[in-house]
Amino acid sequence: MNFSAGFLRLSAPRFSRSLATVTHPPQSAPQRHDWTRQEIQKIYESPLLDLVFRASTIHRQNHDPSKIQLCTLMNIKTGGCSEDCSYCSQSSRYSTPTKASRLLDIEPVIEAARKAKENGSTRFCMGAAWRDLAGRKRGFERILQMVREVRGMGMEVCTTLGMLSPEQAKQLKEAGLTAYNHNLDTSREFYPQVITTRSYDERLGTISAVRDAGISVCSGGILGLGESDADRIGLIQEVANMPEHPESFPVNALVPIPGTPLEGNERVAHHTLLRTIATARVVLPGTIIRLAAGRNTLSESEQAMCFMAGANAVFTGEQMLTTPCSPWDEDKAMMGRWGLEGMQSFEQTSVARKEGAALGPQTPRTVSESQAESS
């Protein structure tokens, strides 16, 4: 042994950072479709930090934790809706700041999609304030053309147009639609307190038509409607026990709008939002969980906790349907600080499969392996 100045000379240990997480492509977890409310309640009511840790672990087993899907939403037909959704300023039954307008022409929609793509969004969503498409043949044909053109730009395309028939869903699929949004909003039991003009089963019928047409389903809920924890648990159970888990599960925090029946509701607590996201991640391991309306009211650290708990998609851009949205530049700066990056179009395996994309044989890689390749 060699000594110098009375001290043993030891070489400094070398530490390497290796995260035991799987990146793209993910390991597909088996889907369960027989969840009981008691099982989901036990998950939901577990100690919050334990719940977030469990959800984060499951998230990393099924998704690349560094990837966030960036979506931009555009209202292509505003207001004048005959429904009585008590949270919505687009209902013709309420006196709100939202004014009714006709369906937009194709060109401004395509221009908005181009701008979204230039800013990093890979999914473009179009919403029309209608109960259904009955008697709207020309309008529907215009929307089909919008879908074709946005899809032709290499973006994922999503629409939310109210209730659909199986034939309408088939036409949207043929036009190139990637996903259809039709939220359940809340539990079956609490639903009549929020909406009376459309039944829960009618919503499920539209979701079935979409799924049967080969379109990815986007269906989630709204927190802050006056519901209880039991209703949030009931919503997750309803979605989890569908024949196929939805491709995406939006979690909205109510933005109370003056003139609507829910204008006086308080903002949902962050820990409630976090519990809902984490529970959904445990029960819906392969689903994209979208942090949707109300995100602009969260601090950056609150958003980071949501990402840690399993959220992996956001709406970004100038506006949502009738509520504010976080701008692209702010979101990209935030993601840069947290080491996050945007997903590519059709990166999610279930979406690629429905699009008919050839995935080919691939072997899951760890984050450390990916880092080694890029170094």
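Keep in mind that what you see is a predicted model, and the values were worked out from it rather than measured. Just so you know, the residues in each chain are numbered from 1, in the order the chain's sequence is written. Local features in this predicted model are restricted to residues whose pLDDT is 70 or higher, and side-chain atom pairs enter the listing and the counts only when it is 80 or higher, whereas totals over whole chains, interfaces and linings include all residues. Calculated side-chain values reflect all of the structure's heavy atoms, with hydrogen atoms and water omitted.

Chemist: Can you tell me about the overall build of the protein chain, naming the residues and giving the values?
Modeler: By definition, any uninterrupted DSSP run of H or I lasting at least four residues is a helix, any uninterrupted run of E lasting at least two residues is a strand, and each is numbered from the N terminus. Assigned secondary structure in the protein chain consists of 12 helices and 12 strands. Every one of the 375 residues in the protein chain was classed for burial, and the buried ones make up 53%. Counted over contacts in the protein chain with a minimum sequence separation of 6, partners at least 24 positions apart contribute 77%. Each accessible area is a Shrake-Rupley estimate made with a 1.4 Å probe; only the visible protein chains count as cover when residues are assessed. Of the roughly 17,300 Å² of accessible surface on the protein chain, a fraction of 52% belongs to carbon and sulfur atoms. Think of it in three bands: with a 1.4 Å probe and only protein chains considered, a residue is buried below 20% of the maximum accessible area for its type, exposed above 50%, and partly exposed in between. Should any heavy atoms of two residues lie within 4.5 Å, those residues are considered in contact.

Chemist: Could you give me a rundown of helix H5 (residues 166-175), with the residues and numbers involved?
Modeler: Residues of H5 that are buried include every one of Gln 168, Ala 169, Leu 172 and Ala 175, and no others. For H5, the angular spread of the buried residues around the axis is 120 degrees, confining them to a single face. In H5, those exposed residues whose orientation departs by more than 90 degrees from the buried face are Pro 166 and Glu 174. Where H5 is buried, its residues contact helix H4 (137-152), strand S5 (156-160), strand S6 (179-181) and helix H6 (200-212). Just downstream of H5 lies Gly 176, where phi reads positive at about 110 degrees. Working note: the arc is built from the helix axis to C-beta atom directions.

Chemist: Can you break down the pairing of strand S3 (residues 67-77) residue by residue, with the values?
Modeler: Summarising burial for S3: 11 of the 11 residues are buried, a large majority. By the convention used here, strands pair only if DSSP detects at least 2 bridges between them. Direction of pairing for S3 relative to strand S12 (residues 341-342): parallel, over a ladder of two bridges. Paired with Lys 67 across the two strands is Glu 341, which belongs to S12. When S3 meets strand S11 (residues 313-315), the two strands line up parallel, connected through three bridges. Opposite Leu 70, over in S11, you have Val 314 as the bridge partner.

Chemist: Can you lay out the side chain of Ser 219 for me, pointing to particular residues and giving the numbers?
Modeler: Assignment of secondary structure puts Ser 219 in the loop between strand S7 (216-218) and strand S8 (221-223). Residue Ser 219 is classed as buried on the basis of its relative accessible area, which comes to 0%. In the analysis that follows, any N or O atom pair within 3.5 Å is treated as a polar contact, provided that within protein one partner can donate a hydrogen and the other can accept it, and provided that, for residues neighboring in sequence, both atoms belong to side chains. Here His 182 takes part through its backbone oxygen, which lies 2.8 Å from a polar atom of the side chain of Ser 219. Excluding its chain neighbours within four sequence positions, the residues that come into contact with Ser 219 are His 182, Asn 183, Leu 184, Ile 207, Val 239, Pro 246, Ser 248, Phe 249 and Pro 250.

Chemist: How would you summarise the nonpolar core if you had to cite specific residues and measurements?
Modeler: Remark: nonpolar core denotes a set of buried residues (Ala, Val, Leu, Ile, Met, Phe, Trp, Tyr, Cys) joined through side-chain atoms within 4.5 Å. Ile 76, Tyr 87, Phe 124, Leu 172, Ile 277 and Leu 291 are the most contacted members of the largest nonpolar core, which has 88 residues in total. Of all the elements, helix H8 (residues 270-283) adds the most residues to this core, at seven residues. Once you skip the residues sitting within four places of it in the chain, Tyr 87 turns out to touch Asp 185, Val 194, Ile 195, Arg 203, Ile 222, Leu 225, Leu 254, Ile 257, Thr 260 and Leu 262. The next biggest cluster of nonpolar side chains, apart from the first, holds seven residues, and it includes Cys 125, Cys 158, Ala 179 and Ala 292.

Chemist: Explain a nonpolar patch on the surface to me, and be specific about the residues and the numbers.
Modeler: Surface patches are defined over residues having more than 30% relative accessible area and no salt bridge, joining like charges when they lie within 9 Å and nonpolar side chains (Val, Leu, Ile, Met, Phe, Trp, Tyr) when within 5 Å. Salt bridge, as used here: a side-chain nitrogen of Lys or Arg that lies within 4 Å of a carboxyl oxygen of Asp or Glu. Taken together, the side chains of Leu 49, Met 305 and Met 308 present a nonpolar region at the surface, about 290 Å² in accessible area. When you line up the elements, Met 308 lands in helix H9 (residues 300-308).

Chemist: Residue-level account of the pattern of salt bridges, with values.
Modeler: Throughout the structure, instances matching the rule amount to 20 salt bridges. Between Glu 39 and Arg 32 there is a salt bridge whose closest N-O contact spans 2.9 Å. One salt bridge connects Arg 232 with Glu 227, and the closest N-O pair in it is separated by 2.9 Å. On the basis of relative accessibility, which here comes to 8%, the residue Glu 227 falls in the buried class. By sharing partners, the salt bridges in this structure join Arg 32, Asp 34 and Glu 39 into a single network.

Chemist: Can you explain helix H3 (residues 106-118)? Please cite residues and give values.
Modeler: Helix length check: H3, at 13 residues, gives a terminal C-alpha distance of 19 Å against a target of 18 Å (1.5 Å per residue), a fit within 8%. Among the residues making up H3, those that are buried are Val 109, Ile 110, Ala 113 and Ala 116. The buried residues of H3 occupy an angular sector of 115 degrees when projected down its axis, which confines them to one face. On the buried face of H3, the contacting elements are S3, strand S4 (123-128), H4 and helix H10 (328-337). Of the residues flanking the end of H3, it is Gly 120, one or two places downstream, whose phi is positive at about 105 degrees. In this analysis, the expected span of each helix is defined as 1.5 Å times one less than the number of residues it contains.

Chemist: Report on unusual backbone geometry, specifying residues and quantitative values.
Modeler: Unusually for a residue other than glycine, Asp 185 sits at a positive phi of about 80 degrees. Here Asp 185 lies in the loop between S6 and H6. Residue Asp 185 is classed as buried on the basis of its relative accessible area of 2%.

Chemist: Describe in detail the pairing of S4, supporting the description with residues and values.
Modeler: By the criterion of burial, S4 is predominantly enclosed, with six of the six residues buried. Neither face of S4 is left uncovered, since the one carrying Arg 123, Cys 125 and Gly 127 and the one carrying Phe 124, Met 126 and Ala 128 both have all their residues buried. Pairing of S3 with S4 involves six bridges; the strand directions are parallel. From the neighbouring strand, Met 74 faces S4, where its bridge partner is Met 126. With five bridges connecting them, S4 and S5 associate as parallel partners.

Chemist: Pulling in residues and values, what's your account of the confidence of the model for the protein chain?
Modeler: Along the chain, pLDDT gives the predictor's confidence residue by residue, from 0 to 100. When the pLDDT values of the protein chain are averaged, the result is 85; 85% of them are 70 or greater. Contacts of residues 1-25 to residues separated by more than four positions or lying in other chains number 35 contacts, the stretch itself having pLDDT below 50. Within the model, the stretch residues 357-375 combines pLDDT values under 50 with 27 contacts to residues more than four positions away or in other chains.

Chemist: Which residues make up the state of the cysteines, and what are the values?
Modeler: Disulfide: a covalent bond formed between the sulfur atoms of two cysteine residues. Cysteine sulfur atoms that pair up within 2.5 Å are treated as a disulfide. Scanning all chains against the criterion turns up zero disulfides. With no disulfide of its own, Cys 125 has Cys 158 as its nearest cysteine by sulfur position, at a separation of 4.2 Å. Note on Cys 125: relative accessible area 5%, which makes it buried.

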